[in-house]
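Close look at the chain arrangement
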Amino acid sequence: MKKSSLLQLYRGLNSTLIFITLLGLPLTSFPFIIKYTGSEVAPFSAIPIAILLIVWFIPFTVRRGKLPVESVPLIYFILICVAVTGLGLFMDGFYSKDKNFLYQSTRAFVTLGVGLSFYLIFATWEQDLKTYKQTLQILYLTGGVLILWSLVEGFLLAGSRAINLPKWMLDIKNLLVVQSPNVLYSNRVSGLAFEPSWFVRLFNLIFFPIWLSSVYQRRSIFKFRLWKFIIEDGLLVFAFVVFVLAAPRIGMLALVLMLTYLSFLFLQRVHKNICLKLIRRFKSSEGQQRLIKSLVALAVLLTFLVLMVAFIFGFMTFAAQWDWRYALFFEESFLKEELQLLFPMTEDSILTIGHKLAFQERLIYWITGWEIFNDYPLGVGLGNAGFYFWDRAPGIAYNSLEMRNLVYRTGFTTNTKNIWVRLLAESGIFGFALFVTWLYIVWRSAHLIQKGKDPIYHIMGLAGKLFIFAYLVEGFSMDSFAMPYLWVMTGLIVSGSKIYRQSTIQKETVQTS
């Protein structure tokens, strides 16, 4: 076989693996992987990514391929985690459930390695704008297929529970994903994820940032248009429908924060245009111009607040029709009596309100993780927070059935359920600072991309910023490094920044020559 034919076959294999990776992103808990790891976070896409790491990334580094410069803080973060975890082996946490520091830390670094594998591939795979666009098109296909499946699931769930879904749908789910037992007795859409909140995470961290950016800027990665409508318009509308059917809480806040940022950008333009028109019309003095700008800014701000409150209230009212957790907000006893418990605000009052809203366990995880950080500001080592958890958990934790099950019945150590608290507790203040620095540099890369002329640059630049906002909130409900959505999106952002920088250098070289 000719060398050119082998090279073409090799490229085809790698492209196929990328396609499988992206198409498999909705599968968060693949049964085959769970069988051998015992971890609920077991993305199907880790399999093709592992193959790509061997057949593509290692040869790429051998050929002196370089990581994007944005990766430097991430490398230092890993080194800090190694150092802190090494020191953690000599600390005073107590072993539990036949687990020890070395075992837990090894598992934690394996999950971090899984996440980093996604980042390494997507930060280096796209070498030009054409490949970059193809990758985004595959993501769109994944989103379209997932939305179609979820709409069917939502239709079949109307007035019922997941356990009553048709046998063919349950069989497909059982084949492709392990789901939480609670999902079977819920009427929330969960797609092909472990639970509804994991299902929503894919939308908030990948699909919504890209599609919101596209719709807001009226730019598309496709040339096709139907009158004034673009493909992203339809994808966003139907994605929002399945999002509502999943009835997330943290996820809803993440979406609200993205919409808030877009509203800020839009209202900024509105404010500027109104002020220019009023100033030109009345030929105002400098003092009057300042007054006009202040009054218009106040009016725009009040309008924004009213619209945002209306959106949140409307979402919660609609979701309360089938999700009992949202219905708790509208109970008369909560509105009249229980909100008063927040005054004065104490840890106990917050936990009591959390109990009334079926959110107490999450608060316990977060508060306990924070207490671990207070006692060990340099960190206890990756994966080791569980060994320090029950010494610092609030006493009210033992009133919770979920928390008692974690203590007496489960075979795994407890975690913080919050990436920010986990970073503080396990990697310490320095690890946390480096991780946040890395995210800030990703933000700067997204800002850089927006300077490009191609529509894809504009879409992914704003999408990168929306993603950061969404992750700031979603981080409060996830703490696993193995969940691929963070790494895929950051990889795409820094890859786009790298392509833009290369194209700029090439143009400057041509101009100087």
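Structural data are supplied above this passage.
Going along each chain's sequence as written, the residues are numbered from 1 onward. Only residues with pLDDT of at least 70 get local features here, since the model is predicted, and only at 80 or more are side-chain atom pairs given and counted; chain-wide, interface and lining totals rely on the full set of residues. With hydrogens and water set aside, each side-chain value is computed from the structure's full complement of heavy atoms.

What follows deals with the overall build of the protein. Helix and strand definitions follow DSSP, with helices as H or I runs of at least four residues and strands as E runs of at least two, each counted in order from the N terminus. The secondary structure content of the protein amounts to 19 helices and zero strands. Taking 2.2 N^0.38 as the reference for a compact globule, 513 residues should give roughly 24 Å; the C-alpha atoms of the protein span a radius of gyration of 25 Å, in line with that estimate. Considering only C-alpha atoms, the protein reaches an extent of 75 × 70 × 50 Å along its principal axes. Only protein chains enter the area calculation, which uses a 1.4 Å probe; residues under 20% of their type maximum are buried, those over 50% are exposed, and those in between are partly exposed. Evaluated residue by residue, the protein yields a buried proportion of 50% over its 513 residues. In this analysis, two residues are considered to be in contact whenever any of their non-hydrogen atoms come within 4.5 Å of each other. Nonlocal contacts in the protein, meaning residues at least 24 apart in sequence, comprise 74% of its contacts between residues at least 6 apart. Counted charges follow a simple rule, with Lys and Arg positive, Asp and Glu negative, and His plus the chain ends left uncounted. In this description, the location of a charge corresponds to atom NZ of lysine, CZ of arginine, CG of aspartate or CD of glutamate. Of the side-chain charges in the protein, 47 are positive and 29 negative, and the distance between the mean point of each set is 15 Å. Radius of gyration: over C-alpha atoms. The globule rule applied is 2.2 Å multiplied by the number of residues raised to the 0.38 power.

Turning to the packing of aromatic side chains, a few remarks are in order. Side-chain rings of Phe, Tyr and Trp, where Trp is taken by its six-membered ring, are said to pair if the distance between their centres is within 6.5 Å; with planes under 30 degrees apart they count as stacked, over 60 as edge-to-face, and otherwise as tilted. Under the counting rule described, the total for this entry stands at 41 aromatic pairs. Their ring planes at 85 degrees and their centres at 5.9 Å tell us that Tyr 140 and Trp 211 sit as a pair that is edge-to-face. With Tyr 140 in helix H6 (residues 129-157) and Trp 211 in helix H8 (residues 196-217), this pair connects stretches of sequence that are 71 residues apart. Each member of the aromatic cluster is reached from another via a ring pair, and the members are Tyr 140, Phe 199, Phe 203, Phe 207, Phe 208, Trp 211, Phe 222, Phe 240, Phe 243, Phe 311 and Phe 315. Over a ring means this: the NZ of a Lys or the CZ of an Arg is within 6 Å of the ring centre and within 35 degrees of the ring normal. Seen from the ring of Tyr 365, Lys 417 lies directly overhead, with NZ or CZ sitting 5.5 Å from the centre.

Ile 206, Ile 210, Tyr 471 and Trp 487 are the most contacted members of the largest nonpolar core, which has 142 residues in total. By residue number, the principal contributor to this core is helix H18 (residues 455-474), which donates 13 residues. With near-sequence residues (within four places) excluded, Trp 487 lies in contact with Leu 74, Leu 112, Gly 115, Leu 116, Phe 118, Tyr 119, Trp 438 and Phe 481. To qualify as a nonpolar core, a set must consist of buried Ala, Val, Leu, Ile, Met, Phe, Trp, Tyr and Cys residues joined through side-chain atoms within 4.5 Å. In terms of nonpolar packing, the next biggest core, distinct from the first, is built from eight residues, Phe 101, Tyr 376, Phe 387 and Ala 425 among them.

Think of a patch as exposed residues, more than 30% relative accessible area, with no salt bridge, where like charges cluster within 9 Å and nonpolar side chains (Val, Leu, Ile, Met, Phe, Trp, Tyr) cluster within 5 Å. Per-residue and other accessible areas follow the Shrake-Rupley method at a 1.4 Å probe size, with only the shown protein chains counted as cover for residues. Salt bridges, as used here, are contacts in which a Lys or Arg side-chain nitrogen is within 4 Å of a carboxyl oxygen on Asp or Glu. Together, Leu 67, Val 69, Val 72, Ile 75, Tyr 76 and Leu 79 give the surface a local cluster of nonpolar side chains, amounting to about 550 Å² of exposed area. Following the sequence through the fold, Leu 67 ends up in the loop between helix H3 (46-62) and helix H4 (72-88).

For side chains of opposite charge, pairing can occur when their charged atoms come near one another. The tally for this structure, following the rule as stated, stands at seven salt bridges. In this structure, Glu 153 engages Lys 173 in a salt bridge whose closest nitrogen and oxygen atoms are separated by 2.8 Å. Separated by 20 residues along the polypeptide, Glu 153 in helix H6 and Lys 173 in helix H7 (residues 167-176) bring together distant segments of the chain. Residues Arg 392 and Asp 375 are paired through a salt bridge, measuring 2.6 Å at the closest nitrogen-oxygen approach.

Let us look at the packing of helix H9 (residues 231-246) against helix H11 (residues 286-319). In this analysis an axis means a line fitted to C-alpha atoms, helices contributing only their contacting stretch, and an angle means the value between N-to-C directions, from 0 to 180 degrees. Where H9 meets H11, the axes come as close as 9 Å, and the angle between the chain directions of the two elements is 60 degrees. Here H11 runs oblique to H9, going by the angle between their axes. Of the two possible hands of crossing, H9 and H11 adopt the one that is right-handed. The residues of H11 that touch H9, namely those facing Phe 240, Phe 243 and Val 244, are Phe 311, Phe 315 and Phe 318. Ten residues, namely Ala, Val, Leu, Ile, Met, Phe, Trp, Tyr, Cys and Pro, are considered nonpolar, four, namely Asp, Glu, Lys and Arg, are considered charged, and the remaining ones, Gly among them, are considered polar. Tallied by class, residues from the contact of H9 with H11 come to six nonpolar, no polar and no charged. Throughout, the term roughly parallel applies to angles under 35 degrees, roughly antiparallel to angles over 145, roughly perpendicular to angles from 65 to 115, and oblique to all others. By definition, turning the near helix anticlockwise from the far helix through less than a right angle yields a left-handed crossing, and turning it clockwise yields a right-handed one.

Further remarks concern the side chain of Glu 361. If you trace the backbone, Glu 361 turns up in helix H15 (residues 360-375). Buried charged residue Glu 361 carries no salt bridge. Nearest counter-charge: Arg 249, at 7.4 Å. Contacts described as polar in this section are N or O atom pairs within 3.5 Å, which, within protein, must combine one atom able to donate a hydrogen with one able to accept it, while residues neighboring in sequence count only if both atoms come from side chains. A distance of 2.6 Å separates polar atoms of two side chains, one belonging to Glu 361 and the other to Ser 400. What Glu 361 contacts, discounting residues up to four positions off in sequence, is Ser 400, Glu 402 and Met 403.

In this section: helix H14 (residues 347-356). One turn of an α-helix holds 3.6 residues; hence residues three or four places apart share an orientation. Every buried residue belonging to H14 is among Ser 349, Leu 351, Ile 353 and Gly 354, and all of these are buried. Note on H14: the residue one or two positions beyond its end, Ala 358, has a positive phi of about 55 degrees.

By the secondary structure assignment, Arg 201 is in helix H8. On the basis of relative accessibility, which here comes to 1%, the residue Arg 201 falls in the buried class. When sequence neighbours within four positions are dropped, the list of residues in contact with Arg 201 reads Glu 474, Ser 477, Met 478, Met 483 and Tyr 485.

Before going further, it helps to examine the environment of Ile 459. When you line up the elements, Ile 459 lands in helix H18. Judged by its relative accessible area of 1%, Ile 459 is buried. Sequence separation of Ile 459 and Ile 312 is 147 residues, and the distance between their C-alpha atoms is 26 Å. Those residues in contact with Ile 459 that sit more than four places away from it in its chain are Ile 210, Ser 213, Ser 214, Gln 217, Arg 219, Ser 220 and Ile 221.

Checked against the element boundaries, Glu 70 lands in the loop between H3 and H4. Overall, the relative accessible area of 2% leaves Glu 70 in the buried class. A C-alpha to C-alpha distance of 9.2 Å links Glu 70 and Leu 439, two positions 369 residues apart in sequence. If we skip the residues at most four places from it in the chain, Glu 70 touches Tyr 119, Trp 438, Ile 441, Ser 445, Val 494, Ser 497 and Arg 501. A distance of 3.1 Å separates polar atoms of two side chains, one belonging to Glu 70 and the other to Ser 497. Side chain to side chain, Glu 70 and Arg 501 meet in a polar contact 2.9 Å long.

The next point concerns the packing of H6 against H7. Close contact between H6 and H7 brings their axes to 12 Å; oriented N to C, the two are set at 135 degrees. If you check the angle between H6 and H7, you find them oblique. By crossing handedness, the relation of H6 to H7 is classed as left-handed. Counted together, Trp 149, Val 152, Glu 153 and Leu 156 of H6 and Trp 168, Met 169, Ile 172 and Lys 173 of H7 form the full contact between these two elements.

A few words now on the environment of Leu 236. Of note, Leu 236 is situated in helix H9. The class for Leu 236 is buried, based on a relative accessible area of 15%. On a C-alpha basis, the gap between Leu 236 and Glu 426 in space is 37 Å, while along the polypeptide they are 190 residues apart. Dropping the residues within four chain positions of it, Leu 236 is found in contact with Phe 208, Trp 211, Leu 212 and Val 215.

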